[in-house]
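Read off the chains here:
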Amino acid sequence: MRTILRAALALFAPLALAVPATAAGLDKVNVIIPRDSAFVLNYFGGRDAGIFRKHGIDLEIDARPFAGFLAGLPSKQAMVGTYSGMDAIEKINQGLDWVIIGGGLTDMQQVYVRKDSPFKTIGDLRGKRFGSFSTGAGSFKATRAAIIASDKFDVLKDTKFQQVAPPALFHLLETGGLDAMFNISSLTIAAASQPDKFRSIYAPNAYWKKHTGYPIVWSAPLVAWRSWVDANPSRAKNLVAAVAASFRWLRDPKNFDAAVKKYGALAGVTTPAEAATYKKWLRQKRIFLARWDRKTIAAQWKFLDVAKRAGVLTAVPSESKYGLVLK
């Protein structure tokens, strides 16, 4: 019997050694992210750098076009992930038991006009041709609310509004088919990297920082099904820490260069000028909100109140119930 046992152990020992050591003790987490966004760089780059493994997470990443990205969390193809923040709040209002558990993309997107246009303020666009890539995106809803609050001006109602696919939107502004645009993050970077052609006329973060000291996180915070958090709070806490660490990791120019070299095409970083703009904005903390505590949450929920008064949200869910700091 002992001889047989020794033989069996000898047979299975090589198989045990073949199991990757990095997978031992890790919690597998799947996230769905949008292509052509900075999330490609922090998630893929951070995973390659070992940040998620360091925090106990075996991360799987599914990068999709925007519509596919939006469908992932509601359908439970993923149970947690970066998600359109204002849309998440509306889904909570409609009964989905989601919670906001971490920071994410701030409203880095801005309203751009051509450099040679006569417009000086956002109010100058009243009655003009204004385009956005989506009226349902969290970044657009947050920016719309900020403009209503700051300038008593609704871009949906007070302009000749058009919803246009992101690349076509950029082309229309460039060729004079639109007077102003609000575009996806990568094409915002493209506009910002060409100051000889375009200039920003409104930055929602500037408005909110003036009032609270915080940027607006409702482009895409970290959102989860409450059941997923309750099933393994330690896993949820570790993921929040890892995502925040990946934001900070990407701020280092060397790390950014490594991520762009491998994933730049998927992230929509197409020129050296765009890469330089990303580096500048990351250094200035204009892209990711990595801090998530009660003060941060209070500032974000205060903005939800602003959005409700502006008519962008139907209701504001309980801050204590839906804005979680995982300890």
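Computed from a predicted structure; not experimentally measured. (Residues numbered from 1 in each chain as written. Predicted model: local features only at pLDDT ≥ 70, side-chain atom pairs only at ≥ 80, totals over all residues. Heavy atoms only, no water.)

A word on the overall build of the chain
Phase 1: Looking only at helices and strands, the chain has 15 helices and ten strands in total.
Phase 2: Over its C-alpha trace the chain gives a radius of gyration of 22 Å, about what one expects of a compact globule, namely 20 Å for 327 residues.
Phase 3: Dimensions along the principal axes, computed over C-alpha positions, put the chain at roughly 90 × 45 × 30 Å.
Phase 4: Here the contacts in the chain between residues at least 6 apart in sequence split such that 78% fall between residues at least 24 apart.
Phase 5: On the chain, roughly 14300 Å² of surface is accessible, and the fraction owed to carbon and sulfur atoms is 56%.
Phase 6: If the 46 positive side-chain charges of the chain are averaged to one point and the 25 negative ones to another, these points end up 4 Å apart. (Helix = DSSP H or I, 4+ residues; strand = E, 2+ residues; numbered from the N terminus. Rg over C-alpha atoms; globule rule 2.2 N^0.38 Å. Contact = heavy atoms within 4.5 Å. Areas by Shrake-Rupley, 256 points an atom, 1.4 Å probe, with all protein chains shown as cover. Lys, Arg positive; Asp, Glu negative; His and termini not counted. Charge placed at Lys NZ, Arg CZ, Asp CG, Glu CD.)

Let's talk about the sheet that holds strand β8 (residues 180–182)
Phase 1: What the five strands build is an open sheet, ordered β7-β6-β8-β5-β9; its pairing is mixed. On the outer flanks of this sheet lie β7 (160–163) and β9 (198–202), each paired with one strand and no other. Geometrically, the sheet is characterised by an average inter-axis angle of 30 degrees between neighbouring strands, direction not taken into account.
Phase 2: Here four bridges tie strand β5 (residues 111–114) to β9, and the two strands are oriented antiparallel to one another. Considered in β9, the bridge of arginine 114 is made with phenylalanine 198.
Phase 3: The strands touched by helix α7 (residues 166–175) within the sheet are β5, β6 (129–132), β8 and β9, with β8 carrying the most contacts at an inclination of about 160 degrees. (Pairing = 2+ DSSP bridges. Axes fitted to C-alpha atoms, helices over the stretch in contact; angles between N-to-C directions.)

Description of the pairing of strand β10 (residues 220–225)
Phase 1: Counting buried residues along β10, six of its six residues qualify, which places the element largely inside the surrounding structure.
Phase 2: Alignment of strand β3 (residues 80–82) against β10, held across three bridges, turns out to be antiparallel. What sits directly across from valine 80, in β10, is alanine 224.
Phase 3: Looking at chain direction, strand β4 (residues 98–105) and β10 are connected through five bridges and run antiparallel. Its bridge partner being in β10, tryptophan 98 is matched across the sheet by tryptophan 225. (Buried < 20%, exposed > 50% of the residue type's maximum accessible area, 1.4 Å probe, protein only.)

So, the nonpolar core
Soluble, globular proteins show a tendency: their nonpolar side chains are buried together.
Phase 1: Core analysis: the largest hydrophobic core is formed by 114 residues, its most contacted members being Tyr43, Val111, Leu125 and Trp218.
Phase 2: By residue number, the principal contributor to this core is helix α11 (residues 233–250), which donates ten residues.
Phase 3: Setting aside chain neighbours within four positions, we find leucine 125 in contact with Val111, Val113, Phe119, Phe130, Phe153, Asp158, Thr159, Ala180 and Ile201. (Core = buried A, V, L, I, M, F, W, Y, C linked by side-chain atoms within 4.5 Å.)

Things to note about the side chain of serine 139
Phase 1: By the element assignment, serine 139 lies in helix α6 (residues 138–151).
Phase 2: A polar contact is formed between the side chain of serine 139 and the side chain of glutamine 109, at a distance of 3.3 Å.
Phase 3: Leaving out residues up to four positions away in the same chain, serine 139 has contacts with Asp107, Gln109, Phe133, Phe182, Trp218 and Ser219. (Polar contact = N/O pair within 3.5 Å; in protein donor to acceptor, adjacent residues only side chain to side chain.)

Quick look at helix α8 (residues 185–192)
Phase 1: Of all eight residues in α8, seven are buried, a share of seventy percent or more.
Phase 2: Here α8 has its buried residues at Ser185, Ser186, Leu187, Thr188, Ile189, Ala190 and Ala191.
Phase 3: Tucked into the core, α8 has its buried residues touching β5, α7, β8, β9, α12 (253–267) and α13 (272–283).

Points about unusual backbone geometry
Phase 1: Located in the positive-phi region is aspartate 36, a residue other than glycine, with phi close to 55 degrees.
Phase 2: Residue position: aspartate 36 is located in the loop between β1 (27–34) and α2 (39–48).
Phase 3: On the basis of relative accessibility, which here comes to 34%, the residue aspartate 36 falls in the partly exposed class.
Phase 4: Its identity is not glycine, yet lysine 152 carries a phi of approximately 55 degrees, on the positive side.
Phase 5: For lysine 152, the location among the structural elements is in the loop between α6 and β7.
Phase 6: The exposure class of lysine 152 is exposed, given its relative accessible area of 65%.

Quick look at the packing of α12 against α13
Phase 1: The N-to-C vectors of α12 and α13 enclose an angle of 140 degrees; their axes lie 11 Å apart at closest approach. Judged by the angle between their axes, α12 and α13 are oblique. The two elements α12 and α13 cross, and the hand of that crossing is right-handed. For the pair α12 and α13, the contacting residues are Pro253, Phe256 and Asp257 in the first and Ala275, Tyr278, Lys279 and Leu282 in the second.
Phase 2: Looking at side-chain class alone, the contact of α12 with α13 contains five nonpolar, no polar and two charged residues. (Parallel < 35°, antiparallel > 145°, perpendicular 65-115°, else oblique. Left-handed = near helix turned anticlockwise from the far one by under 90°. Nonpolar A, V, L, I, M, F, W, Y, C, P; charged D, E, K, R; others polar.)

Spatial relationships are all this shows, so hold off on functional conclusions.
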